[in-house]
Amino acid sequence: MIKLRKASSQFAATRARSCYNNKTMFSLYIFVGTKPLIAYVTGEPADGNYFSSFACFTCHQPHSNGNFQLRVRNAVVLEDGTLFDRGPANTCATCHHSRSDVSEEVVDDVELDSHYGPHHSNQADMIIGTNAYEYDGYQYTNSAHALAPEACVHCHMSASLHESVGGHSWNMRNEEHDWENIIGCNAAECHDGEITTLDTEAEDDFDGDGETEGIQTEIHGLLEELTELLLAANLIEEEIEEGDTAYAPVEERVVSTADSAGAVYNWAFVEEDRSDGVHNTNYTVGLLKSSINFLETGDPNGAPAATKPSSIRKLVSAH
Ligand code: HEC
Ligand code: HEC
Ligand code: HEC
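Let us look at the structure shown here.

What counts as what
- Within each chain, residues carry numbers counting from 1 in the order of the written sequence.
- Lettering of chains starts at A and numbering of ligands starts at 1, both following the order in which they are written.
- For this predicted model, a pLDDT threshold of at least 70 governs which residues receive local features, and a threshold of 80 or more governs which side-chain atom pairs are given and counted, while totals over whole chains, interfaces and linings are taken from all residues.
- Residues are counted as near a molecule or strand when the C-beta atom, derived from backbone positions, lies within 6 Å of that molecule or strand.
- Counting from the N terminus, the helices are DSSP H or I runs at least four residues long and the strands are E runs at least two residues long.
- Following the grouping adopted for this structure description, the nonpolar residues are Ala, Val, Leu, Ile, Met, Phe, Trp, Tyr, Cys and Pro, the charged ones are Asp, Glu, Lys and Arg, and the polar ones are all others, Gly among them.
- Nonpolar cores are identified as sets of buried Ala, Val, Leu, Ile, Met, Phe, Trp, Tyr and Cys residues joined via C-beta atoms within 7 Å.
- With C-beta atoms placed from the backbone, a residue is labelled by how many other C-beta atoms lie within 10 Å of its own: buried for 20 or more, exposed for 12 or fewer, partly exposed between the two.
- Placing C-beta atoms from the backbone, we regard two residues as in contact once those atoms come within 7 Å.
- Interaxial angles span 0 to 180 degrees and are taken between N-to-C directions of axes, which are lines fitted to C-alpha atoms, for helices over the stretch in contact.
- Here roughly perpendicular refers to angles of 65 to 115 degrees, roughly parallel to angles under 35, roughly antiparallel to angles over 145, and oblique to all remaining angles.
- Should the near helix be turned anticlockwise from the far one by less than a right angle, the crossing is left-handed, and should it be turned clockwise, the crossing is right-handed.

1. With respect to the site of ligand 3
Within the structure, ligand 3 sits among 22 residues, and His 96, Cys 152, Cys 155, Arg 274 and Ser 275 are positioned closest to it. Secondary structure elements with two or more residues in the shell around ligand 3: helix H4 (90–95), helix H6 (123–128) and helix H7 (151–156). At five residues, H7 tops the list of elements feeding residues into the shell around ligand 3. In terms of residue class, the shell around ligand 3 is made up of twelve nonpolar, seven polar and three charged.

2. Here we look at unusual backbone geometry
A positive phi angle is found at His 120, which is not glycine, with a value near 55 degrees. If you trace the backbone, His 120 turns up in the loop between strand S5 (110–111) and H6.

3. Re the nonpolar core
If you look at the biggest cluster of nonpolar residues, it comprises 54 residues, and the most contacted ones within it are Leu 222, Leu 226, Leu 230, Val 264, Tyr 265, Trp 267 and Leu 288. If you list the elements that add at least two residues to this core, you get H4, H6, H7, helix H8 (215–232), helix H9 (258–273) and helix H10 (281–297). At eight residues, the largest contribution of residues to this core is made by H9. Not counting chain neighbours up to four residues away, the residues in contact with Tyr 265 comprise Val 102, Glu 105, Val 106, Gly 117, Ala 132 and Tyr 133.

4. Considering the packing of H8 against H10
One can describe the packing of H8 onto H10 by two numbers: an axis separation of 10 Å at closest approach and a directional angle of 25 degrees. Our classification of the angle between H8 and H10 gives roughly parallel. Once H8 is placed against H10, the crossing between them reads as left-handed. Taking contact as the criterion, the partners of Ile 215, Ile 219, Leu 222, Leu 223, Glu 225, Leu 226 and Leu 229 in H8 are, on H10, Thr 281, Thr 284, Val 285, Leu 288, Lys 289, Ser 291, Ile 292, Leu 295 and Glu 296. Taken together, the residues that form the contact of H8 with H10 break down as ten nonpolar, three polar and three charged.

In structure tokens:
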């Protein structure tokens, strides 16, 4: 159970995105002129530029229901037409899904801009493994998390150790105190007490650095590799943001083949999911590996070892 008094006072804080920290809740307002209107989760995509914060009735509907039932219980149709239906997590998916349909975005001769990609918060798509660029001939698979019945709610809202993680904070981690919310992971029907960290040991050395590390570390390794290849192919470029190095697709760059644009799309898809592979490890690894292989060899499955000396990385001419 949540502590309502604490939750409400947390909700009172309305902050811009850059001010979020692990202790504040956010409320979602849509501004009309200078007046904020509380936006409700209706099952329809929200319109408006100023999504910064939200409140209890964004998700709950006490007056018409007579209890604290969620507004949205129906399945959510993702932009590529796939149904997301995970009970209370449908509420989350109304906001946390990709705003584009990959089949419209990844086409031959597409012109990139710095926002090219699924447009933030594509977690519902990632969880069920859909709506990223899937190369012909590559076998993509999903991890068990794709089937978790309450999806987002099971992990992000599992009984909270502290108000800053779990429950209505939805946080999995409090960096300041180095707390991780692993209660949901360790449920008897899931990992049954075996998880000690979110960066839990991967099944394989996905990034091929000779060591099997944590899943999130392996995914970082693959992302770095893909970032280098995309930079070398002039598909993304470096940007300095508040002193930090960030990367973005190259403005007005026309990409002749969908397969090359797809590598940029998949890179953004994994970056913007922000779970570093936890949401759906197999799908994440598949998207990154097929994109890396394609950029290195022209084949999403990679060329046979004999024709691919590891010391020489050749970029294909397809871009
Ligand atoms: C982002 C959406 C969202 C917001 C905002 C939100 N809740 Fe919830 N709330 C949920 C979900 C999802 C559940 C789990 C429902 C379920 O499991 O069926 C839940 C469950 C609850 C429950 C039932 C807890 C239980 O153990 O059964 C209460 C009470 C509650 N919320 C109160 C609040 C209050 C008060 C606020 C504002 C301070 C609030 N909620 C804001 C999504 C939200
Ligand atoms: C009304 C739209 C909306 C709903 C419903 C919603 N979220 Fe969010 N959520 C947002 C926005 C906007 C942000 C801030 C932008 C971002 O970080 O992507 C956010 C951020 C988050 C974050 C990151 C917080 C941080 O510290 O950056 C998590 C985790 C999260 N939401 C989980 C959930 C879960 C789980 C649910 C369902 C119980 C849910 N959200 C429902 C809109 C929503
Ligand atoms: C299997 C458990 C699990 C499920 C299911 C799950 N998440 Fe996550 N989520 C995580 C973990 C673990 C992280 C990474 C947290 C970290 O490393 O800080 C994460 C990260 C996130 C983030 C980025 C948070 C940040 O601070 O940057 C958001 C947003 C998010 N999840 C939303 C969702 C939504 C929405 C759903 C449902 C569509 C969902 N998650 C389903 C475990 C889960």
